[in-house]
Amino acid sequence: MDVLFEQADSHGRLATLVIEPEESVYVLHPNQIVAFQGKSEQREDSLMKLPGMYRKKRLLQACIHGPARFMLGMPDGYHMSVVSIEAQDDLLYEFRHVLFYTEGLSFTSHIQSVKNTLITKDLIKMQFQGPGKLGLLTAGPLYQMELHPEQPLYVDAGCLIAYPRHANLRLSVYGNTLASQHMNYQWEMTGTGRLLLQPCKPDRLLSEHMQNDSLLRRIVREFLPFGNVFIK
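Owing to the predicted nature of the structure, the values given are computational and were not obtained by experimental measurement. (Residues numbered from 1 in each chain as written. Predicted model: local features only at pLDDT ≥ 70, side-chain atom pairs only at ≥ 80, totals over all residues. Heavy atoms only, no water.)

Trainee: Just checking my understanding: could you explain the overall build of the protein for this structure?
Mentor: What the protein contains, in helices and strands, is six helices and 20 strands. Every one of the 232 residues in the protein was classed for burial, and the buried ones make up 48%. Across the protein, every contact between residues at least 6 apart in sequence was considered, and the portion connecting residues at least 24 apart equals 73%. (Helix = DSSP H or I, 4+ residues; strand = E, 2+ residues; numbered from the N terminus. Buried < 20%, exposed > 50% of the residue type's maximum accessible area, 1.4 Å probe, protein only. Contact = heavy atoms within 4.5 Å.)

Take a look at the structure:
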């Protein structure tokens, strides 16, 4: 699969995905598909599994089979990024940031502690193993930093996208009393490997993903023909 961004880098607000024969891509935000070129039967929408419905606040996902090409677009303030997943990749991701993934990727769930769940509002972290590609939805471009085994790195808890499975984490604040009393929770992290982060917090422009909706409203919107048009 090739990903062609509107600008010559690895992330952007508009991208065209070119899928070769025998390839498939699962899109977890089908409404972000703005154009499709292929046979009608090459797109198959299906119900997510219950854990996916809970974490993504969506009911449906789309599977696009190649050969085909389609365009994904993001509203103002949001970017998509593509990362390559290797067979021994050990990064843990927040599932709500996953926009799409290629067929062949496997993933396992890792349950957070109660304290970390209350802070991040995310019970499960996902570990993907490839080879394959993972599309991420972030507030601003995706960046990476390297961890140090001894020198701690402090990262805003709302900006962390993925981190090594064996990294040492604890919720913390830093600075003097005034700073620590007025900052958001930080992850104090040590270890080896890279982490992925977004430069700003979501501002809820992608309302279907970030805002809370009643289950009944989501069901009606997903299943009623043109429900996304008439039910806001």
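Trainee: Looking at this structure, how should I read the packing of aromatic side chains?
Mentor: The relative placement of two aromatic rings is captured by the distance of their centres and the angle of their planes. Taken as a whole and assessed by the stated rule, the structure comprises six aromatic pairs. When the ring of Phe107 is compared with that of Phe128, the centres are 5.4 Å apart and the planes differ by 50°; the resulting orientation is tilted. Here Phe107 is found in strand E12 (residues 106-111), whereas its partner Phe128 is found in strand E13 (residues 124-129), with 21 residues between them in sequence. By relative accessible area, Phe107 is classed as partly exposed at 37%. A relative accessible area of 0% places Phe128 in the buried class. Each residue in the set Tyr26, Tyr93, Tyr101, Phe107 and Phe128 is aromatic and connected to the rest through ring pairs, giving one cluster. (Phe/Tyr/Trp six-rings, centres within 6.5 Å; stacked < 30°, edge-to-face > 60°.)

Trainee: Looking at this structure, how should I read the environment of Ser40?
Mentor: By secondary structure assignment, the location of Ser40 is in the loop between strand E5 (33-37) and strand E6 (43-47). In this structure the C-alpha to C-alpha distance between Ser40 and Ile64, which are 24 residues apart in sequence, comes to 9.9 Å.

Trainee: Please clarify how the pattern of salt bridges should be interpreted in this entry.
Mentor: Two side chains of opposite charge can pair, provided their charged atoms sit close to one another. Overall, the coordinates contain four salt bridges when judged by the stated rule. A salt bridge links Glu94 to Arg96; the nearest nitrogen and oxygen atoms lie 2.7 Å apart. In this structure, the salt-bridge partner of Lys125 is Glu94, at a minimum N-O distance of 3.0 Å. Linking Lys125 in strand E13 with Glu94 in strand E10 (residues 91-94), this pair joins segments that are 31 residues apart in sequence. Glu94 shares its class with Lys125; the two are buried. Each of Glu94, Arg96 and Lys125 takes part in a single network of salt bridges with overlapping partners. (Salt bridge = Lys/Arg side-chain N within 4 Å of Asp/Glu carboxyl O.)

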